[in-house]
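Remarks on the overall topology
For reference, the chains in residue letters:
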Amino acid sequence: MTVLSDELLTRIRERAAGYDRANAFPHEDLAELKQAGYLRMLVPAELGGLGLGLVEATREQARLAAAAPATALAVNMHLIWTGVAKVLRDRGDTSLDHVLTEAAEGEIFAFGISEPGNDLVLFGSSTEARPLPDGGYAFTGTKIFTSLAPVWTRLGVFGLDSESADAPKLVHAFLERGDGIETLDDWDTIGMRATQSNTTRLHGAVAAADRVFGRRETGPSGHPLVFAIFTNFLLLVSSVYVGVGQRALELGVEAARSRRSAKTGQSGDQNPDTRWKLADAAIAQDAIVPQLDALARDVDEKADRGDQWFRALTGMKLRATQNARYMVEQAVRVAGGSSYRNSSELGRLYRDVLAGGFHPSNEDSVHSTVATALLGPIAD
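Structural notes, computed from the coordinates. These numbers were taken from a predicted model, which means no experiment stands behind them.

Relative to the helices and strands, F230 is located in helix α6 (residues 224-258). F230 gets classed as buried once you look at its relative accessible area, which sits at 11%. As a C-alpha pair, F230 and L122 span 108 residues in sequence and 8.8 Å in three-dimensional space. If near-sequence neighbours (up to four positions away) are discounted, F230 is found in contact with L122, F123, L235, F310, L313 and S361.

Here is the structure:
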């Protein structure tokens, strides 16, 4: 099933440069995506959604990213939470079904997980989660890269409970906009500007007891919630960069055909060096797409990869982001100096693709994860 029409993607592509130039949130894109049912893509049909799986979602995200990477990356964070709820539901855990029903009703979910200097990612938090007498929690801390900052209505956060009798525990909850939540106007990055991933400061922001959806041990864990978050985050982020790589290849081909050598009189597509560059890029892209499909299908079909899941997921994200950067660099080499202008779509992709290295898991973390999967943990 295709959710995004070619006409919608054309309109989104035409707006992308303007949002980037103005450092503005893509409100028009989001409105059209909502109308198309895109934010309900991973919600089961019986709960009011389109009932698609992760395979279809990653494919659609790649198509959207090829038109507007920042729009795709922003929407990604909402899709991650609906994907987390779906992965749990598919495995018999309905604790996050309210995410699915609320997404079907139009609520927008954002990802408030990343913290400055926290390389533990999901395995530890510098945010305080203070338990309240009624079972709720008050969160105090700083969250960075909060995509969808101007529009979210539900913010998924976590923090460390150091006070309860069974402490320490990592606590997950959803916050609604209100007292104790401060959104900074600090998003002024090189690329992916339309995501408006502003810093969020929590000053005792309260999540009611019925919005707390997880308490777990600190440290590395195969907890179902951790698996669901890692799965959706890493594969949906990968899909964005697969789309960036595909668009870069298309632009490289266009550039090769449009350029003509003053020396030989031939068009660029007849130049052996140009042909080799684009062929090598295409070979790399052809390899990355089926890898993403296979992993997403295994999630949909509840395949058993045992303790090798995190190796596969983190490796996919690293390959997808590195591959996208290579694709853009090859296309830039083919296009030449015209791509070094702000008015160039390829120049914008050159800036956008750099964001791939900042998403968890980073290169060092991926290699550590894979080494542990192969060799076991480092001895104490």
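This brings us to the environment of R201. In this structure, R201 sits in strand β7 (residues 198-207). Its relative accessible area of 35% is what places R201 among the partly exposed residues. When the C-alpha positions of R201 and T142 are compared, they lie 4.5 Å apart, and in sequence the two are 59 residues distant. Those residues in contact with R201 that sit more than four places away from it in its chain are G141, T142, G180, I181, E182 and L184.

Along any regular strand, the residues point their side chains to alternate faces of the sheet. Where burial is concerned, the two faces of strand β1 (residues 109-112) agree: the one with F109 and F111 and the one with A110 and G112 are both buried. By the bridge criterion, four bridges tie β1 to strand β4 (residues 154-161) in an arrangement that is parallel. Bridge assignment links G112 to a residue of β4, and that residue is V157.

A few words now on the packing of helix α1 (residues 6-22) against helix α3 (residues 54-67). Where α1 contacts α3, the axes come no closer than 8 Å and their chain directions differ by 40°. It follows that α1 is oblique to α3 by the angle criterion. Contacts between α1 and α3 involve D6, L9, I12, R13 and A16 on the former and, on the latter, R63, L64, A66 and A67. For the contact of α1 with α3, a count of residues per class yields six nonpolar, no polar and three charged.

All told, the structure shown has two cavities of 30 Å³ or more when counted by the stated rule. The space that makes up the largest cavity amounts to roughly 80 Å³. Sorting the residues of the lining of the largest cavity by element identifies α1, α4 (69-90) and α9 (345-352) as the ones contributing at least two each. Its residues assigned to classes, the lining of the largest cavity shows seven nonpolar, one polar and five charged. Quantified by volume, the second largest cavity comes out at close to 50 Å³. Surrounding the second largest cavity, L42, L54, G83, K86, V87, D90, R91, N232, V299 and D300 form its lining. Broken down by secondary-structure element, the contributors of at least two residues to the lining of the second largest cavity are α4 and α7 (272-300). Top element by residues in the lining of the second largest cavity is α4. It accounts for four residues. Split into classes, the residues belonging to the lining of the second largest cavity amount to four nonpolar, two polar and four charged.

What counts, and at which threshold
- Residues numbered from 1 in each chain as written.
- Predicted model: local features only at pLDDT ≥ 70, side-chain atom pairs only at ≥ 80, totals over all residues.
- Heavy atoms only, no water.
- Helix = DSSP H or I, 4+ residues; strand = E, 2+ residues; numbered from the N terminus.
- Buried < 20%, exposed > 50% of the residue type's maximum accessible area, 1.4 Å probe, protein only.
- Contact = heavy atoms within 4.5 Å.
- Pairing = 2+ DSSP bridges.
- Axes fitted to C-alpha atoms, helices over the stretch in contact; angles between N-to-C directions.
- Parallel < 35°, antiparallel > 145°, perpendicular 65-115°, else oblique.
- Nonpolar A, V, L, I, M, F, W, Y, C, P; charged D, E, K, R; others polar.
- 1 Å grid on protein atoms, 1.4 Å probe; cavity = no way out; pocket = protein on both sides within 12 Å on 5 of 7 lines; lining within 4 Å.
- Points joined across faces, edges and corners; volume = space filled by probe spheres on them.

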